[in-house]
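Breakdown of the fold
The lines below spell out each chain.
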Amino acid sequence: MTKHIFTLILLAAAACMPAMAQAQLQFDQVAQELGTVLWHTPRTATFKFTNKTANPIKIKDVRSDCGCTAVNWTRISVEPGATGFVTATYDAELLGRFDKSLAVYTDIKDEPYILRIMGEVAMTQKEPSSVYPYRIGDYYLSTDDIEFDNVNRGEMPVYTLHIYNGSKKTFSPELMHLPKYLTAHVEPADIRPGRVGIIELTLNSNLLSTMGLTQTSIYLSRFMGDRVNKDTEINVSATLLPDFLETPTQKALAPVAQIDSTHITLGPFNKKGKATGQLLLRNAGKTPLIISALQVYNPGISVSIGKRTLLPGAVEKLKISVSDNNRYFKGKRSILLITNDPERAKMVIDVTIKK
């Protein structure tokens, strides 16, 4: 009964919404057809909008007419001419056709904007879709690069890996070379042809040995006796953040890490087959800035810095290079810094290469 009442409210709001209100936030689309959605395989729709008024607009709330739809939106005020987003992630509980509505409430109008997502929930799929872009033999994965980002000691985050069985046989997935800090649960244990299963990976952060980035490779076993090789490799990374238990006085005296940019483009390659560049790292705080970790997400990037401790006002060069012999990248093309700046404990620098 509650669902029907909510739907009637949405339809009534849509019918009486004045034309002027429609022009205040201009959505790129107000309805999205998601096509075939596999059962218990979440699908996300993103609605982008532009503020067409002369004043900032803030989304106060987004309500869905179904508990199976999780929502998110731009939380800060959107300035005139700027853009924002609303996302709806649908996790199908029932098979068949679905048509779900969202009510978007802002701080300038009582009437909501109405958005819709539609599609068909099925147990099987004739061909793998863009949801499963990574192939290992006859099996298609939602990703081959798993990240546990911004983890605090004591947390146990879970990552869900989706697998589509494109073979003609029932598949019983197993993961090889799991480190002690990772555990895996497969559901269902046997995935029938044309169906999807999941592997839930749980990270025990208490078993991570070092602060900053920890990387490993795990491997999907396709059959009894399958061997470890690059074709079955799945990257896993975890970023463990330092703990800060500071008083307001200590926080006021904390170091402040500042860097020219969080993105650098290197290249073209020189005669020695290297592309190089540098960024400047500054300590704008009142106590020493300590770099406890300076790491790369893949071996294709090299990075160095003169000093790991920067006194207040000090500046150090962050030297970055990529070798022409190592153009292959799998995973993030990034550099990670872990510092004792409580506001910027983690700094990530993205690296691109000119062709």
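Report follows, based on the coordinates. Bear in mind the structure is a predicted one, so any value in this text is a computation, not a measurement. (Residues numbered from 1 in each chain as written. Predicted model: local features only at pLDDT ≥ 70, side-chain atom pairs only at ≥ 80, totals over all residues. Heavy atoms only, no water.)

Examining the overall build of the protein chain
Of the regular secondary structure elements, the protein chain holds three helices and 26 strands. Sequence separation of at least 24 residues holds for 66% of the intrachain contacts in the protein chain that already meet a minimum separation of 6. Just so you have it, the protein chain exposes about 19,000 Å², and 52% of that area is on carbon and sulfur atoms. (Helix = DSSP H or I, 4+ residues; strand = E, 2+ residues; numbered from the N terminus. Contact = heavy atoms within 4.5 Å. Areas by Shrake-Rupley, 256 points an atom, 1.4 Å probe, with all protein chains shown as cover.)

Notes on the sheet that holds strand E15 (residues 196-203)
As summarised here, the arrangement of the five strands in space is E9-E10-E12-E15-E14, forming an open sheet in which the pairing is antiparallel. Lying at the two open borders of the sheet, with one neighbouring strand each, are strand E9 (134-136) and strand E14 (182-187). For this sheet the average axis-to-axis angle between neighbouring strands, irrespective of direction, equals 25°. Two elements, strand E10 (residues 139-141) and strand E12 (residues 158-165), share three bridges in a ladder whose sense is antiparallel. Across the sheet, the residue bridging to tyrosine 140 is tyrosine 164, located in E12. (Pairing = 2+ DSSP bridges. Axes fitted to C-alpha atoms, helices over the stretch in contact; angles between N-to-C directions.)

Some thoughts on the state of the cysteines
Summed over all chains, the structure comprises one disulfide. Here cysteine 66 connects covalently by a disulfide to cysteine 68, the sulfurs 2.1 Å from one another. On the sign convention where negative is left-handed, the bridge of cysteine 66 and cysteine 68, at about 110° about the S-S bond, is right-handed. (Disulfide = S-S within 2.5 Å.)

A look at the sheet that holds strand E25 (residues 334-339)
Strand order in the open sheet formed by five strands is E19-E26-E25-E21-E23, with mixed pairing between adjacent strands. With partners counted over all chains shown, the strands left at the sheet margins are strand E19 (263-266) and strand E23 (309-310), one partner each. Both strand E21 (residues 289-296) and E23 contribute to a ladder of two bridges, which runs antiparallel. Directly across from isoleucine 290, in E23, lies its bridge partner threonine 309.

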